[in-house]
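# Observations on the three-dimensional arrangement
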Amino acid sequence: MAKKKADTAKTVAKKQNVKEDAMNEAEVIVETSEVEEQETKTEEPNGDKTMEEQVEEVIEAVKETTEKVAKKAAKATKSAASKVKKEAKKVAKETVKKVKDKKELVPEVFIQYEAIEAKTEDIIENIKKAYVADGHYVAGIKDLKVYIKPEDGCAYYVINGSYAGNVVL
């Protein structure tokens, strides 16, 4: 269980690192655009052009800068998205592998007494059949206690703490 928590913590940390990388790239893009804007603002006005022409040049420069920043941001977003996608696929593969590797032990239990041999799974199935035969639903079984007495040749049971009966082994 501790290993599972550690794996989960590692996965979360990796995802956090990917998010931080994307944020850092976005900050660099914003800083670049701010520097370009300042360079545009600090240019000395040209005396040969009218104010309207100069304003239009500035607007054109801002549009170009905005387009560059938008392209850089889109590229950074795609890069971050692909990193997240790859990490998610990797985590999913690891999880599937762990589930496949982990097989649960299902024991077969037999009860033998003199000439009687019974499998516990068969006894439980017979108990369910008897319960349903009395007009109940199998889904209604929340608690089942079985007491096997080979000397009597029976398995006694109590369902949900109130319904009792027996089946022959």
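The paragraphs below set out a description of the structure included in this document. (Residues numbered from 1 in each chain as written. Predicted model: local features only at pLDDT ≥ 70, side-chain atom pairs only at ≥ 80, totals over all residues. Heavy atoms only, no water.)

## Structural notes on the overall build of the protein chain
On a plain count of helices and strands, the protein chain comes out with 3 helices and 5 strands. Listing every helix and strand of the protein chain by position from the N terminus yields α-α-β-β-α-β-β-β. Here the protein chain holds 169 residues, and the buried ones make up 15% of them. In the protein chain, 38% of the contacts between residues at least 6 apart in sequence involve partners at least 24 apart. Only carbon and sulfur atoms are counted for the fraction: they give 56% of the accessible area of the protein chain, which is about 13,700 Å². (Helix = DSSP H or I, 4+ residues; strand = E, 2+ residues; numbered from the N terminus. Buried < 20%, exposed > 50% of the residue type's maximum accessible area, 1.4 Å probe, protein only. Contact = heavy atoms within 4.5 Å. Areas by Shrake-Rupley, 256 points an atom, 1.4 Å probe, with all protein chains shown as cover.)

## Some words on the pairing of strand β5 (residues 163-168)
Side-chain direction in a regular strand flips from residue to residue, so the side chains alternate between the two faces of the sheet. Of the pairings in the sheet, the one linking strand β4 (residues 154-159) to β5 comprises 6 bridges and is antiparallel in character. Among the inter-strand pairings, cysteine 154 is bridged to a residue of β5, identified as valine 168. Connecting the antiparallel pair β4 and β5 is a turn made up of 3 residues, with asparagine 160 showing a positive phi of about 55°. (Pairing = 2+ DSSP bridges.)

## Section: the pattern of salt bridges
Inspection of every chain in the model, using the stated rule, returns 4 salt bridges. Of the charged contacts, one joins glutamate 121 and lysine 119 as a salt bridge, the two residues approaching to 3.6 Å between their closest N and O atoms. Using a relative accessible area of 37% as the deciding quantity, one classes glutamate 121 as partly exposed. For lysine 149, the salt bridge goes to aspartate 152, with nearest N and O atoms at 3.4 Å. A relative accessible area of 34% places lysine 149 in the partly exposed class. Take aspartate 152: its relative accessible area is 40%, and that puts it in the partly exposed class. Among the ionic contacts, a cluster of salt bridges with common partners joins Glu108, Lys119 and Glu121. (Salt bridge = Lys/Arg side-chain N within 4 Å of Asp/Glu carboxyl O.)

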